[in-house]
Amino acid sequence: MGNAQQIESLAVSHLTTAKALYQPSYIFNEHSVAALKSRVIDALSVLSQRFETLEKPFSGITPQHMAKKFADVDLSQPQWTFTAALDELKELYLKDAVYFHNPNYMAHLNCPIVYPAIVAELILSAVNSSLDTWDQSAGATLIEQRLLDWTSECIRFGEAADGVFTSGGTQSNLMAMLIARDEFCRRKLNHDVKTNGLPSEFTKFKIFVSEASHFSLQKSAAILGLGYESIVSVPTDEHYRMNVAQLKAAIDNAREAGEIPVAVIATAGTTDFGSIDPLHEISKVAHREALWMHVDAAYGGGLLISNQYRDRIDGIELADSVTIDFHKTFFQPVSCGAFFVKNKKHLSCVTHHADYLNPLSQSQEGTPNLVNKSIQTTRRFDALKLWMSLRTIGAEQLGQYFDQVIELAQKVECAVRNDLEIEVLNKPELSAIVFRFLSANKQNLCTINQEIRKQLFKDGQAIIAGTKVKGESYLKITLLNPEASLEQVLVVFERIKRLGRQLSHQYNQQNQS
Ligand SMILES: *Cc1c(COP(=O)(O)O)cnc(C)c1O
């Protein structure tokens, strides 16, 4: 009896069994690898259609309008074929996604990505290694470890350094503050937080950060039980870098008030300005005051492989720990970040030996279980993306991409600096420029600038960001596309000015009437 006949006869008697036989199995293995290949080709052709017809980074659709499209989706009722599901996705996602590779996307720290990393995503998902233990990852563990060692070398952190891949800067910063807190308690208070929880003095702990630092530091303080109040925000100088005199004063004040300084966090590349805190000077203060020093280089980390501007991040090696986001300035897909410590022993803060997973005996035998260094258990093999990028393209080329956007930002700043309608706040050290539209009439500037950003977003032609500096609204561009040109960026500035003029005209008329 042939297969088809067999099925048919079964179908008569056992309808459900027949259905199971007719249905292809979607479990990925040697039988479905051909099916996967053809679906990937389908998906790529859908993507290429989308990319080839893309005229702007965003359609401008409103969340309300978009929500309507989702109202009809019944998740209990599948589309039954991949092709139909893909078709639906075109409408629900690809049509109105925000595309970071478009040079007119210049809002946040989202980079265009290198395509070997996209292929790596396919491979790492297909094999589906989990980087918690050697027995779930094998070679993947060594790939991650080699990248950690390589990055530690780029930091010039020395022989004792180590690290771990994280979901990004937020998780890396959380780890830094966790280790800083626990290490302080161990060293100064002879108190083991891992076993006993927070010591009674914890309400007096203070962590010093610049006022331009990332909000994940506040969030981490809250998560760690120290609260927002433990964060001391140190004013910045005219270049938006932490003012070291003010840092010293803030530490002195805290000590006088009976508070307990624990750590100082420098930012190498603030999210708004790309400014780099004076790392050498901060390290001197941290050393003298016996404080943990963390450097948040989520944005500035790309300088580690820069051919032109490596010196801008010199001093990072003086830190006790460092945050690096490969998904920002190493042109990697989200998520891809890592956390580093100068002395690997500190990572034991997050070690817990579970009999079923990573017993102490395995560590003693020399089995590398990365879970011993991570706050996650099951963990993606994100390292493979960076690995394939470095093995295909090389660090020099990635560094070159970052150099190009830094140069572009310098050129843009030069080009708009003397424009009477544009006020530029910072001379970019990395690739972010904070500015605003100025009109002769100084009224309504905040509203006008907020409105400029909203109108650009609604139109979708160019996406820029907004921020507040000393209570006033500003606009911001973060240039991360090495293929963007000065001309393209200046066209966006022309649009900004045109919108600004229209809006200030409107407001003037409203005021008169
Ligand atoms: C982006 C950023 C973070 C947060 O990183 P995520 O990867 O988004 O979690 C932290 N610090 C700085 C300075 C950043 O720019």
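Residues numbered from 1 in each chain as written. Predicted model: local features only at pLDDT ≥ 70, side-chain atom pairs only at ≥ 80, totals over all residues. Heavy atoms only, no water.

1. Examining the sheet that holds strand β9 (residues 432–437)
Strands in a sheet are paired, the pairing made by backbone hydrogen bonds, and the direction either parallel or antiparallel. Spatially, β8-β9-β11-β10 is the arrangement adopted by the 4 strands of the open sheet, whose pairing is antiparallel. Each edge of the open sheet carries a strand with a single partner, namely β8 (422–424) and β10 (465–469). In this sheet, neighbouring strand axes are inclined to one another by 40° on average, regardless of whether the strands run parallel or antiparallel. The strands touched by helix α16 (residues 395–417) within the sheet are β8, β9 and β11 (472–478), with β8 carrying the most contacts at an inclination of about 130°. Of the strands in this sheet, β8, β9 and β11 are in contact with helix α18 (residues 486–512), which crosses β9 at around 25°. (Pairing = 2+ DSSP bridges. Helix = DSSP H or I, 4+ residues; strand = E, 2+ residues; numbered from the N terminus. Axes fitted to C-alpha atoms, helices over the stretch in contact; angles between N-to-C directions. Contact = heavy atoms within 4.5 Å.)

2. With respect to the packing of aromatic side chains
Tallied over the full model, the rule gives 9 aromatic pairs. Measuring from centroid to centroid gives 4.8 Å for F100 and Y105, while their planes differ by 55°, and the two rings are tilted. For F100, a relative accessible area of 29% corresponds to the partly exposed category. Through successive ring pairs, a cluster of aromatic residues spans F165, F326 and F330. Between the NZ or CZ atom of R391 and the centre of the ring of W387, over which it lies, the distance is 6.0 Å. (Phe/Tyr/Trp six-rings, centres within 6.5 Å; stacked < 30°, edge-to-face > 60°. Buried < 20%, exposed > 50% of the residue type's maximum accessible area, 1.4 Å probe, protein only. Lys NZ or Arg CZ within 6 Å of the ring centre and 35° of its normal.)

3. Structural notes on the domain arrangement of the chain
Split by domain assignment, the chain resolves into domain 1 (3–94), domain 2 (119–388) and domain 3 (396–512). If you average the C-alpha positions of domain 1 and of domain 2, the two centres end up 41 Å apart. (Domains from an automatic or database assignment.)

4. Describing the pairing of β10
The alternating pattern of β10 places A465, T467 and V469 on a buried face, while none of G466 and K468, on the opposite face, is buried. Bridge count between β10 and β11: 5 bridges; the pairing is antiparallel. Bridging across to β11, V469 finds its partner in E472. Hairpin geometry of β10 and β11 is characterised by an intervening segment of 2 residues between the two adjacent antiparallel strands and by a positive phi of about 50° at K470.

5. So, the pattern of salt bridges
Within this structure, the stated rule accounts for 29 salt bridges. Linking R380 and D382 is a salt bridge whose minimum nitrogen-to-oxygen distance equals 3.0 Å. Here R380 falls in the partly exposed class, since its relative accessible area comes to 39%. Note that R436 is salt-bridged to E423, the shortest N-O span being 2.5 Å. Here the residue R436 occupies a position in strand β9, and E423 occupies one in strand β8, the gap between them amounting to 13 residues. With a relative accessible area of 24%, E423 lands in the partly exposed category. Residues joined in a network through salt bridges with shared partners are K69, E91, K95 and D96. (Salt bridge = Lys/Arg side-chain N within 4 Å of Asp/Glu carboxyl O.)

6. Digging into the site of the ligand
The full set close to the ligand counts 15 residues, and T170, D296, D325, H327 and K328 are the nearest of them. For the ligand, an oxygen atom lies 2.6 Å from a polar atom in the side chain of T170. The separation between a nitrogen atom of the ligand and a polar side-chain atom of D296 is 2.6 Å. Considering the ligand on its own, with 380 Å² of exposed area, one finds that the protein chains cover 86% of that surface. Those elements giving two or more residues to the shell around the ligand turn out to be α8 (169–189) and α13 (326–329). If you tally residues by element for the shell around the ligand, the top one is α8, at 3 residues. (Near = heavy atom within 4 Å. Polar contact = N/O pair within 3.5 Å; in protein donor to acceptor, adjacent residues only side chain to side chain. Areas by Shrake-Rupley, 256 points an atom, 1.4 Å probe, with all protein chains shown as cover.)

7. Some details on the nonpolar core
In this structure, F165, L247, M293, V295, I316, V322 and F402 are the most contacted members of the largest nonpolar core, which totals 65 residues. Counting residues per element, this core draws most heavily on helix α7 (residues 139–155), which supplies 6 residues. Inspection of this core shows a minimum of three residues originating in each of domain 2 (119–388) and domain 3 (396–512). Residues within four places of M293 in sequence aside, it is in contact with V264, A266, L279, I282, S283, A286, L318, A319, D320 and S321. (Core = buried A, V, L, I, M, F, W, Y, C linked by side-chain atoms within 4.5 Å.)

8. As for a nonpolar patch on the surface
Among the surface-exposed residues, F28, V33, L36, I113, Y115, I118, V119, L122, I123 and V127 lie close enough to one another that they form a single nonpolar patch of about 900 Å² accessible area. You can see L122 is positioned in helix α6 (residues 115–127). Classification of L122 as partly exposed rests on a relative accessible area of 39%. (Patch = residues over 30% accessible without salt bridge, like charges linked within 9 Å, V, L, I, M, F, W, Y side chains within 5 Å.)

9. Comments concerning the UniProt feature "modified residue: N6-(pyridoxal phosphate)lysine" (unreviewed entry) in the chain
In the UniProt entry, the feature "modified residue: N6-(pyridoxal phosphate)lysine" (unreviewed entry) is given for K328. Among the residues examined, K328 registers a relative accessible area of 14% and is labelled buried. Filtering out sequence-adjacent residues up to four positions away, K328 remains in contact with L109, C111, A298, Y299 and L480. (UniProt positions renumbered as here; feature names shortened; annotations may be inferred.)

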